[in-house]
Amino acid sequence: MTTRAILTDIEGTTSSISFVKDVLFPYARRALPRFVAARGKEPAVRKWLDAVAAENGGMCEDAMIVEVLQGWIDEDRKHTALKALQGMIWADGYKSVDFTAHIYPDAAPALRGWHAAGLPLFVYSSGSVPAQRLFFGHSDAGDLTALFSGWFDTEMGGKRDAQSYRNIVDSIGIPAGEIVFLSDVVEELDAAREAGLQTVLIDRLEDYPKPREGDAAHGHRRVERFDQIELA
Ligand SMILES: CSCCC(=O)C(=O)COP(=O)(O)O
Ligand SMILES: [Mg+2]
């Protein structure tokens, strides 16, 4: 099978889980009350706050909505409303250079090499599309946004649902079997394989000290770094 496009996850794949959990999530958790007080009336923000309220019995106090959102951050809920709001909050962090986004040293050269070879690159992450653009726009390896031809988030569907990958394939316009999906999460790779994509498990020892081989890798090709990925 030939490879005509790459679709990559972010957290645990191009970048460390600890950057997301120990830097991005606490930043959003701390900033949420101030953010909601300052910008809660803007339609683009209100839309998501109202969605959270509706899902929680129509609660009306913003302070309660903030508490729900902080609880979701603690649980690492991949909820579209939370992810959209986090993206808006992180914009301030990147702009004031409070942090740059982690990218594994092997990932940036591989992405640049594939792009230079004419292979279109796409992102599929639970982080919102604006958050993905910020992430790669302010990465440890500089602004990498020009390498990507498209961005997908949970508005396409959940990452463990095969239909989401079918939606992405339709949008990319390349047959599923010619797209390689890279992820650290076996359930996401299972869903992508069900939709017909090629799959590679990125099993980073920094994030997953116990390598997932044999049954644990569910038959997906397994590598520990991007420079070990062999494309057909
Ligand atoms: C790109 S923004 C930070 C990542 C994030 O919020 C997240 O939930 C990452 O999930 P992924 O699907 O990239 O594993
Ligand atoms: Mg991941």
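Note that the structure is predicted; figures quoted are calculated from it, not measured. (Residues numbered from 1 in each chain as written. Chains lettered and ligands numbered in written order. Predicted model: local features only at pLDDT ≥ 70, side-chain atom pairs only at ≥ 80, totals over all residues.)

Draft legend 1. Region of interest: the overall build of the protein chain. Across its full length, the protein chain carries eight helices and six strands. Secondary structure of the protein chain in N-to-C order comes out as β-α-α-α-α-α-β-α-β-α-β-α-β-β. The C-alpha atoms of the protein chain give a radius of gyration of 18 Å, which matches the 17 Å a tight globule of 232 residues would have. The principal-axis extent of the C-alpha atoms belonging to the protein chain is close to 55 × 35 × 35 Å. Buried residues in the protein chain amount to 35% of all 232 residues. Within the protein chain, contacts between residues separated by at least 24 positions form 65% of all contacts whose residues are at least 6 apart in sequence. (Helix = DSSP H or I, 4+ residues; strand = E, 2+ residues; numbered from the N terminus. Rg over C-alpha atoms; globule rule 2.2 N^0.38 Å. Buried ≥ 20, exposed ≤ 12 C-beta atoms within 10 Å, placed from the backbone. Contact = placed C-beta atoms within 7 Å.)

Draft legend 2. Quick look at the nonpolar core. Core analysis: the biggest nonpolar cluster contains 50 residues, and Leu 7, Leu 85, Ile 179 and Phe 181 have the highest contact counts within it. Broken down by element, the residue count for this core peaks at seven residues, all from helix α4 (residues 80–95). When residues of this core are sorted by domain, at least three fall in each of domain 1 (5–16 + 102–228) and domain 2 (20–95). Excluding residues within four positions of it along the chain, Ile 179 makes contact with Ala 5, Leu 7, Val 169, Ile 172, Ile 174, Leu 197 and Gln 198. (Core = buried A, V, L, I, M, F, W, Y, C linked by C-beta atoms within 7 Å. Domains from an automatic or database assignment.)

Draft legend 3. The arrangement of the packing of helix α7 (residues 162–172) against helix α8 (residues 186–194) in detail. Put simply, α7 and α8 touch, their axes get as near as 7 Å, and they point 55 degrees apart. The orientation of α7 with respect to α8, classified from their angle, is oblique. For the element pair α7 and α8, the recorded crossing hand is right-handed. Of the residues in α8, those touching α7 at Ala 162, Ser 164 and Tyr 165 are Ala 191, Ala 192 and Glu 194. Tallied by class, the residues present in the contact of α7 with α8 amount to four nonpolar, one polar and one charged. (Axes fitted to C-alpha atoms, helices over the stretch in contact; angles between N-to-C directions. Parallel < 35°, antiparallel > 145°, perpendicular 65-115°, else oblique. Left-handed = near helix turned anticlockwise from the far one by under 90°. Nonpolar A, V, L, I, M, F, W, Y, C, P; charged D, E, K, R; others polar.)

Draft legend 4. Quick look at helix α6 (residues 129–137). Buried within α6 are the following residues: Ala 131, Gln 132, Leu 134, Phe 135 and Phe 136. Looking at the buried positions of α6, the neighbouring elements they touch are α4, β2 (121–124) and β3 (148–152).

Draft legend 5. Summary view of the site of ligand 1. The immediate surroundings of ligand 1 are formed by 16 residues, with Ile 10, Glu 11, Ser 125, Ser 126 and Gly 127 found nearest. At the level of elements, α1 (17–39), α4 and α6 are the ones that each hand at least two residues to the shell around ligand 1. With three residues, the top contributor of residues to the shell around ligand 1 is α6. When residues of the shell around ligand 1 are assigned to domains, at least three map to each of domain 1 (5–16 + 102–228) and domain 2 (20–95). (Near = placed C-beta within 6 Å.)

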